[in-house]
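Examination of the molecular architecture
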Amino acid sequence: MGQALSEEQPTHRSKEELLQDLAVRFKEKCFTSLEFYSLKDVFKTLADHQGDVSYLKEDTIARYLEVPDILGASPVLFQIISYIGAFPFLAEAPVIIELPHLVMVVVIMTERYKRVLARGSTDRTKLLFKSMAVYDRKASVTSPTSPTAKNDGAGGSALGFDVDQPGQEEDDEYADDDLVLTAFELLDIGDAVKQGSIPEVHGAIIPTDNFRKLVMLLLLVAPLGEQDSLSHYSNRVTGDELDQLRASAESLVSSFVDAEASPGIRYHDFRRLIPAIAPNLFTGFNNLFGHFLFSKNLDFTKHKRDETKQKDEPAKLAQPLVLNNGEILNGHLLAQISTFLPASDLFHRVRLLYSGNESGFSIGSFESKVFNWAAPTLLLVSGSRLGDRPEGGQEANFAESLPPKRFQNGSKGDRVTFGVYVREPWKHTHKTCFGDSETVLFQLEPVQDVFRASTINTDYVTFTKAPANQPCMAFGCPHPKPTKSSRTAGTFSLGAVSLLLDDSFEFGVFNHDYSSRGGAFQTSEVRKSNFQDRFQIEKLEVWGCGGDKEAAAQAARWAWEEREAEARRKINLGSSSKEQDRALLEMAGLISSNRSGGSMG
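Just so you know, these numbers come straight off a predicted model, no measurement behind them.

What counts and how
- Residues numbered from 1 in each chain as written.
- Predicted model: local features only at pLDDT ≥ 70, side-chain atom pairs only at ≥ 80, totals over all residues.
- Heavy atoms only, no water.
- Axes fitted to C-alpha atoms, helices over the stretch in contact; angles between N-to-C directions.
- Helix = DSSP H or I, 4+ residues; strand = E, 2+ residues; numbered from the N terminus.
- Parallel < 35°, antiparallel > 145°, perpendicular 65-115°, else oblique.
- Contact = heavy atoms within 4.5 Å.
- Nonpolar A, V, L, I, M, F, W, Y, C, P; charged D, E, K, R; others polar.
- Pairing = 2+ DSSP bridges.
- Salt bridge = Lys/Arg side-chain N within 4 Å of Asp/Glu carboxyl O.
- Buried < 20%, exposed > 50% of the residue type's maximum accessible area, 1.4 Å probe, protein only.
- Phe/Tyr/Trp six-rings, centres within 6.5 Å; stacked < 30°, edge-to-face > 60°.
- pLDDT = per-residue confidence, 0-100.

With that out of the way, let us pick up the packing of helix H4 (residues 74–84) against helix H5 (residues 99–109). Closest axis-to-axis distance for the H4/H5 pair is 8 Å, and the angle between their directions is 110°. As the angle between them shows, H4 and H5 are arranged roughly perpendicular. On H5, the residues that touch Ile80, Ile81 and Ile84 of H4 are Met104, Val105, Ile108 and Met109. Its residues assigned to classes, the contact of H4 with H5 shows seven nonpolar, no polar and no charged.

Once that is clear, we can look at the sheet that holds strand E5 (residues 264–266). Taken together, the three strands give an open sheet; going across it, the order is E3-E4-E5, and neighbouring strands pair in antiparallel fashion. With partners counted over all chains shown, the strands left at the sheet margins are strand E3 (134–135) and E5, one partner each. Pairing analysis gives three bridges linking strand E4 (residues 204–207) to E5, with the strands arranged antiparallel. Residue pairing in the sheet places Ile206 in a bridge with Ile265 of E5. Together, E3, E4 and E5 form the strand contacts of helix H6 (residues 124–132), whose direction differs from that of E4 by roughly 75°. Its contacts with the sheet place helix H10 (residues 208–221) against E4 and E5, and it is angled at close to 55° to E4.

Below, the discussion takes up the pattern of salt bridges. Applying the stated criterion to the full structure yields 21 salt bridges. As a salt-bridge pair, Arg266 and Asp269 come within 3.3 Å of each other at their nearest N and O atoms. Each member of the pair, Arg266 as well as Asp269, is classed as buried. Several salt bridges converge on common partners, so that one network encompasses Arg266, Asp269, Arg272, Glu525 and Lys528.

Time to look at the packing of aromatic side chains. Within this structure, the stated rule accounts for 27 aromatic pairs. Ring centres 5.2 Å apart and planes at 70° place the aromatic pair Phe211 and Phe256 in the edge-to-face group. Within this pair, whereas Phe211 is found in helix H10, its partner Phe256 is found in the loop between helix H11 (239–254) and E5, the two being separated by 45 residues in sequence. Summarising the burial analysis for this pair, Phe211 and Phe256 share the class buried. An aromatic cluster is present here, built from Tyr64, Phe129, Phe211, Phe256, Tyr267, Phe270, Phe282, Phe285, Phe289 and Phe292 joined pairwise through their rings.

What follows deals with the confidence of the model for the protein chain. When pLDDT is averaged along the protein chain, the result is 81; 75% of the residues meet or exceed 70. Looking at the elements of the protein chain, mean pLDDT is at its lowest for helix H9 (residues 192–196), recorded as 46, and at its highest for strand E9 (residues 440–445), recorded as 98. In the model, residues 191–196 has pLDDT below 50 throughout and makes 14 contacts with residues more than four positions away in sequence or in other chains.

Taking burial as the measure, the eleven residues of H5 include eleven buried ones, the bulk of the element. Here H5 has its buried residues at Leu99, Pro100, His101, Leu102, Val103, Met104, Val105, Val106, Val107, Ile108 and Met109. Where the residues of H5 are buried, they touch helix H1 (15–30), helix H2 (33–46), H4, H6 and helix H13 (284–289). Immediately beyond the C-terminal end of H5, within one or two residues, lies Glu111, with a positive phi of roughly 60°.

Put into structure tokens, the structure is as follows:
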């Protein structure tokens, strides 16, 4: 098949002609003239040739997109490309990447197809699964869930995660592909399914190791701007940074599959979990593949005489995603958070407001740093799991303040990291909680899980201080009753899905009662079971999502409150004489003549 994009539509068209027809339609609706000219120029510059066929190779694409070799993601990425390049005739995959195929890849990977194929606009996730999947009956055998199942010859062991439970693959849903069918409707093909669908194959899985490599790449490209070079983030794939990237990727992968017991991810779990815990996971592909629409040969801002000089200069590094890394938050963790929260609030937009190890672990120090921030905030708390039996007085006191523990730990590992995204400014909650339906409770380590706000109740955020209320900070818990009337003032009530930190920020507990109908936050899609994690807090941070404007507004508010407090400290009785004011206070019995405090008795 040649490179030309012919607009002729013969009565009986071959698949090659239909592909070119669709490429022409995409060209007209999805690209500007300059973008398509750039795409052709990039292809021409990169292409290898064999006879009259021009095509792109795996290593060529990897070099152009600047995919780091150390990630090992290039083969996985090329598998995706050579599959999606066959669109809409997916049965022909993998294909050699010629120009019409590259058009398909760029249109789909940048989501520009939404301009043409409206009915299939949400279907890229299914297509991406197919592009990564392998079909191996033996590899996809699920582990049995009962000890007796081992005698059946299947092997394996029982697991706690819902994704590890055996289930019947939904073949009908997997076979249907609105994106493909819409493309065929656009081409007026009657026998769409016969021409374009892949055969129904049982046991389709994404190999765990392939998915891990891809997730590392996706976290790396998450903050990528439209014309940013991936090489500008080279410092994120070396030394400790690379270890942190692997850790973030592993937490996300662990939400989909237990790598020790299952070889890969099934479509049923992939389709169910992506929108629940990582709806933005593939967003980084948009700008990564958008690089094909910016030919370096068309960059008129450069002078040829500067090219040699630029080649000799070291690669420019991008601005840090987090200006000053905290003890918990770093660029990779921020990229992990961006898989389920809006990136516009995160990259280059967060600043540390409070750190427990710097400002002190107390509600008072928290208030002095976080209150009056008039933009969204991220609270992150990290620590070590507590044993079933309390050790020491403080730990025992915390255990006594909670209902008896009923549930097992939520996941493997000794460390846990939880977080909350709060859009409203922080405030004291005297009787009712604050927060809105955009509040998000989440876990980042050792698995990624997201608990979005529900409408069952509005117990989103609690911030109480003594003596009016039992002091604590909680998310998803019922507001504590006033201490004067409560008979159980020393016991907290945990919500169905909730996170609670004691007033000294020494201990915390995350509760997940899946058997209940839920509460302020929805139950987990990853772990459909009851679990509870009690932990000792080691790190606690709050990050403000905003820039200099928000910081200036907070400073101005603090200054105003300080002036008001100072004014209240100065007693003004309407007299210009301090001696007259003092005499009135002595007569009222508020102070005595020896300048000590008076009695109100």
